[in-house]
Amino acid sequence: HNISATERSKVCDLVSAGVSTTLDLKGCGLSVLPEGVELLTQLTELDVSNNKLLRLPIQTLCGNTSLVRLACGGNIQLVSPPPEIAMQGPEHCLDFLREVVQSGQANTN
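The following refers to the structure shown. (Residues numbered from 1 in each chain as written. Predicted model: local features only at pLDDT ≥ 70, side-chain atom pairs only at ≥ 80, totals over all residues. Heavy atoms only, no water.)

Re helix 4 (residues 90–102)
Then step 1. Under the 1.5 Å per step criterion, the end-to-end length of helix 4 is 19 Å for 13 residues, consistent within 8% with the ideal 18 Å.
Then step 2. Remark: G104 follows helix 4 within two positions and exhibits a positive phi of approximately 80°. (Helix = DSSP H or I, 4+ residues; strand = E, 2+ residues; numbered from the N terminus. Expected span 1.5 Å × (residues − 1).)

Next comes the structure, spelled out in structure tokens:
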């Protein structure tokens with residue numbers, strides 16, 4: 001099942017307003033992250049597990065210093081972080097991505 005644009009907008013509005021610092025988009029059938037997620041600078045937890053994501057906006061996610069948990073397991077075609085890292089848990093995913101950015105190996109596209 002796919003999350004509708006209206007539902008996405010409502011969730012992003014709640015996070016933007018500071019009502020929530022978590023965004024749970026697991027199992028929504030997403031192939032890309034919704035527009036505006038990069039604007040949610042107070043977001044501390046993001047769950048995008050069990051979707052159809054191919055890639056994550058690594059620079060954007062790592063640039064959010066509030067983000068401490070990124071759950072992305074179950075996206076079988078996801079390139080970075082690789083499945084073996086994604087399955088270790090949300091903290092490992094974010095640590096891996098931040099190391100990639102810090103080492104200069106992140107794809108900036």
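Now that the structure has been shown, the text picks up again.
A few points about the sheet that holds strand 1 (residues 22–24)
Then step 1. Spatial ordering of the open sheet is given by 1-2-3, a layout of three strands whose pairing is parallel. The open sheet has two edge strands, strand 1 and strand 3 (69–71), and neither has a second partner. With direction set aside, neighbouring strand axes in the sheet form an average angle of 0°.
Then step 2. Alignment of strand 1 against strand 2 (residues 45–47), held across three bridges, turns out to be parallel. Along strand 2, the bridge assignment pairs T22 with E45. (Pairing = 2+ DSSP bridges. Axes fitted to C-alpha atoms, helices over the stretch in contact; angles between N-to-C directions.)

Notes on the nonpolar core
Inside soluble globular proteins, nonpolar side chains tend to come together where they are buried.
Then step 1. L46, V48, L56 and L70 are the most contacted members of the largest nonpolar core, which has 23 residues in total.
Then step 2. Counting only elements with at least two residues in this core, the list comes to helix 2 (58–63) and helix 4.
Then step 3. If near-sequence neighbours (up to four positions away) are discounted, L56 is found in contact with L33, V48, L61, L70, C72, L78, S80, P81 and L97. (Core = buried A, V, L, I, M, F, W, Y, C linked by side-chain atoms within 4.5 Å. Buried < 20%, exposed > 50% of the residue type's maximum accessible area, 1.4 Å probe, protein only. Contact = heavy atoms within 4.5 Å.)

Details of the environment of T21
Then step 1. With respect to the secondary-structure elements, T21 resides in the loop between helix 1 (5–16) and strand 1.
Then step 2. The exposure class assigned to T21 is partly exposed, which follows from its relative accessible area of 34%.
Then step 3. Note: C-alpha distance between T21 and L46 (25 residues apart in sequence) is 8.7 Å.
Then step 4. The residues contacting T21, other than those within four sequence positions of it, are Q42, L43, T44 and E45.

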